[in-house]
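Architecture and fold: a report
Read off the chains here:
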Amino acid sequence: MYKNVKYIIDKYGNHPAFYRYNTRTGNALPMFYIYDSYITKPEKWANLLTPTGSQSIRNSPYDGLFIALLVESKHRYDILEGGFDGIYTYFATNGFTYGSSYENWARLRFFCDQFNLLFIPSVGPGYIDTSIRPWNAQNTRNRINGKYYETALDAALHAHPSIISITSFNEWHEGTQIEKAIPKRTSNTVYLDYRPHKPSLYLELTRKWSEKYSKERAGYTVDQKLPLS
């Protein structure tokens, strides 16, 4: 894992598009979202992410903010043990996991505050993956002409999160795209579009809620604990 982090930062770290997050100590650190982080044992993550780890990146040129995926409630303590800097919830289906359920976001935010972690809820415009997982219809979430997306964003804002992540921009096979969409049909697929709304509906909703979040966040980040680098 150390070699992977080193490779990424050495190769891309100086590029202007390489994202860095400003911590409260004034450091601009790269941010890594680790999907399925819970599959790797926390003691292995601790080797990389704690100051005393055998291959620690802490306080080195390869330091960063490492965000773990929280699926189940019990993952909170593995994330702490592993030395992560925050959690994200990834899935766009409300109710699919503990982490992706809006009703749990206030509790997760409270937990993160207690342990100086970033809380990053993930929102999506809807979900449908039955074209590739025909057995998964129970996790389909109708977009309701944008209402599902706005409900998710509203729930995220109520949790006063450090950041909000969006799942995703263009994953058509899971029905979570927010990029512009026009009607399209192939021999075996009908792609979702946003009619009766215009093709840019979800980009416009994203702008609307981004502006709202930016204004609200300015009011509570003064007291918000951001991770120490």
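For the structure given in this document, a descriptive report is provided here. (Residues numbered from 1 in each chain as written. Predicted model: local features only at pLDDT ≥ 70, side-chain atom pairs only at ≥ 80, totals over all residues. Heavy atoms only, no water.)

Digging into helix α3 (residues 75–82)
For α3, the complete set of buried residues consists of H75, R76, I79 and G82. Here the buried residues of α3 occupy an arc of 130° about the axis, which is enough to place them on one side. Looking at the buried residues of α3, the elements they touch are α2 (42–49), β3 (65–69), β4 (86–88) and α4 (105–114). Downstream of α3 by one or two residues, G83 has phi in the positive range, about 85°. (Buried < 20%, exposed > 50% of the residue type's maximum accessible area, 1.4 Å probe, protein only. Helix = DSSP H or I, 4+ residues; strand = E, 2+ residues; numbered from the N terminus. Arc of directions from axis to C-beta. Contact = heavy atoms within 4.5 Å.)

Observations regarding the sheet that holds β4
Within a beta sheet, neighbouring strands are joined by backbone hydrogen bonds and run either parallel or antiparallel to one another. With mixed pairing, five strands are arranged side by side in an open sheet as β1-β2-β3-β4-β5. The sheet is open, and its two edges are formed by β1 (20–22) and β5 (118–120), each paired on a single side. The mean angle between the axes of side-by-side strands here comes to 30°, regardless of whether they run parallel or antiparallel. Bridge count for β1 against strand β2 (residues 28–34) is three bridges, and the pairing is antiparallel. Each residue of the ladder has a partner; that of R20, found in β2, is P30. (Pairing = 2+ DSSP bridges. Axes fitted to C-alpha atoms, helices over the stretch in contact; angles between N-to-C directions.)

Quick word on empty space enclosed by the protein
The probe, sized like a water molecule, is rolled over the atoms to show the empty space still left. Tallied over the entire structure, the rule returns one cavity of 30 Å³ or more. Counted as a void, the largest cavity has a volume near 90 Å³. Around the largest cavity, the lining residues are S37, Y38, T40, K41, P42, W45, A68, L69, H75, D78, I79 and F84. When contributions to the lining of the largest cavity are tallied by element, the ones reaching two or more residues are α2, β3 and α3. (1 Å grid on protein atoms, 1.4 Å probe; cavity = no way out; pocket = protein on both sides within 12 Å on 5 of 7 lines; lining within 4 Å. Points joined across faces, edges and corners; volume = space filled by probe spheres on them.)

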